[in-house]
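Residue-level structural notes
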Amino acid sequence: MPLILTEEQEMLRDAARGFLSENAPISQLRALRDDGNGDGFDRATWAQMADMGWSGVLVPEEQGGVALGHVEAGLIAEEMGRTLTASPFLSSSVLGAAALTGSPQHADRLQGIASGKTITALAIDETRRHAPARVETTAERHGNGFRLNGAKTFVVEAHVADALIVSARTSGAPADPDGITLFLVPNDAAGLTADRTAMVDSRNAGRVLLENVEVTADAVLGEVDHGHTLLTKVLTTGRAVLAAEMSGSAQESLGQSLDYLKDRKQFGQIVASFQALQHRAADLYTEIEMGRSLVLKALQALDAGDADAELLSTAAKAKMGWVAQQATQEAIQFQGGIGMTDAADIGFFMKRIRVADAWMGDANYHTEQFARMQGY
């Protein structure tokens, strides 16, 4: 499949860019931070996104979604990356939709995701670094359901989620992929607490504690003991879309830097005329475009159901992890001392990219995963 967008996809991208630049500019994120917003995102803006169908981009039409596809989800995320839009799009409309699609017992939740009225959060990590197969949270048979005990960390949108997608061990050893089961746990379940933590990127994640949380058998997503298969599918989707967001942030970081270089004078000359800076900017542009192509390839593979979708998603997350960080580091260098001040927007990009890189596995993690998949 060629690495180009269809006319409809280009129209969606342009519409998203126009809406976000007008309704969710970087100044909105700055205001959310300064005002200490309790949600971490603007609910009115999120409702507008839902009205445009963004919240149901991956939800089947029979559950009220628009089922556009992964490329379209990536295009929306890419534009969100340009303006650093804070929203539950990734945690709910991407990860949540991927996890709940195909579970008829949760059709109402899926419909809620499509409408933007339901927010979900993915609660899988238990250590400082991403390790989805390392699960010590337990789920023991109890009555006609299960009783969950354990703790999760770095749960994005945990404090505002209506339901959490929790990985728990129903059998096997702590690091064994087999024996993991996914559960959909309502946020008001007795014994469940979610502590809000404001992160460096002015977004929110939380630590989730489960103490004798009881759920019915209907709470199971996929098959008991075989949740790692579904979790891999969910993460493959999430990583590709998050890589698209990072691509948008990298492009915007370079664009802002070039604008600065064209305006800034030093020794009576426009800084952009210095050949050394031109070479660095050209190198960064090349890396960003290569990463952008890889992200699109991964999203297309997901839409086509290709067997190499997981490999491409891993490669895209690794590539954009390195490139997006390079983009913000170069931007700080290009802009000099002013780039380190809070008055400059570039600092917000650097902080967001650091968090996005860590979420669902950083560049080092995915570089190793890619090597393992290729037999190294």
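Residues numbered from 1 in each chain as written. Predicted model: local features only at pLDDT ≥ 70, side-chain atom pairs only at ≥ 80, totals over all residues. Heavy atoms only, no water.

One ladder, built from seven bridges, connects strand 6 (residues 192–198) with strand 7 (residues 204–216); its direction is antiparallel. By the bridge assignment for strand 7, Ala198 is matched with Asn204. (Pairing = 2+ DSSP bridges. Helix = DSSP H or I, 4+ residues; strand = E, 2+ residues; numbered from the N terminus.)

A few words on the environment of Glu140. Considering the arrangement of structural elements, one finds Glu140 in strand 2 (residues 138–142). Distance in space between the C-alpha atoms of Glu140 and Ala24 is 44 Å, their sequence separation being 116 residues. If near-sequence neighbours (up to four positions away) are discounted, Glu140 is found in contact with Gly145, Phe146 and Arg147. (Contact = heavy atoms within 4.5 Å.)

In this section: the side chain of Thr85. Secondary-structure assignment places Thr85 in the loop between helix 4 (70–83) and helix 5 (89–100). At 2.6 Å, the side chain of Thr85 forms a polar contact with the side chain of Thr83. Other than its neighbours up to four places away in sequence, Thr85 contacts Leu20, Ala24, Met49, Met80 and Arg203. (Polar contact = N/O pair within 3.5 Å; in protein donor to acceptor, adjacent residues only side chain to side chain.)

Turning to the pattern of salt bridges, a few remarks are in order. Under the defined criterion, the tally for this structure stands at 19 salt bridges. For Arg30, the salt bridge identified is with Asp342, shortest N-O distance 3.2 Å. Here Asp342 lies in the loop between helix 9 (309–335) and helix 10 (346–358) and Arg30 lies in helix 2 (residues 26–35), a separation of 312 residues in the sequence. With relative accessibility at 18%, the residue Arg30 sits in the buried group. Here the salt bridges do not stand alone but share partners, grouping Arg30, Arg33, Asp34, Asp342 and Asp345 into one network. (Salt bridge = Lys/Arg side-chain N within 4 Å of Asp/Glu carboxyl O. Buried < 20%, exposed > 50% of the residue type's maximum accessible area, 1.4 Å probe, protein only.)

At a minimum axis distance of 10 Å, the contact between helix 9 and helix 10 shows a crossing angle of 160°. With respect to helix 10, the axis of helix 9 lies roughly antiparallel. The hand of the helix 9/helix 10 crossing is left-handed. Along its contact with helix 9, which presents Lys317, Gly321, Ala324, Gln325, Thr328, Gln329, Ala331, Ile332 and Gln335, the element helix 10 presents Ile346, Phe349, Met350, Ile353, Arg354, Ala356 and Asp357. Within the contact of helix 9 with helix 10, the residues separate by chemical class into eight nonpolar, five polar and three charged. (Axes fitted to C-alpha atoms, helices over the stretch in contact; angles between N-to-C directions. Parallel < 35°, antiparallel > 145°, perpendicular 65-115°, else oblique. Left-handed = near helix turned anticlockwise from the far one by under 90°. Nonpolar A, V, L, I, M, F, W, Y, C, P; charged D, E, K, R; others polar.)

What follows concerns the pairing of strand 4 (residues 163–169). Taken across its seven residues, strand 4 has seven buried, putting it largely inside the fold. Of the two faces of strand 4, both are covered, the one formed by Ala163, Ile165, Ser167 and Arg169 as well as the one formed by Leu164, Val166 and Ala168. Note: strand 1 (residues 120–123) against strand 4, four bridges, orientation parallel. Bridge pairing in strand 4 links Thr120 to Ala163. Inspection of the sheet shows strand 4 paired to strand 5 (residues 180–186) by seven bridges, in the antiparallel sense. When the sheet's bridge partners are listed, Ile165 is paired in strand 5 with Leu184.

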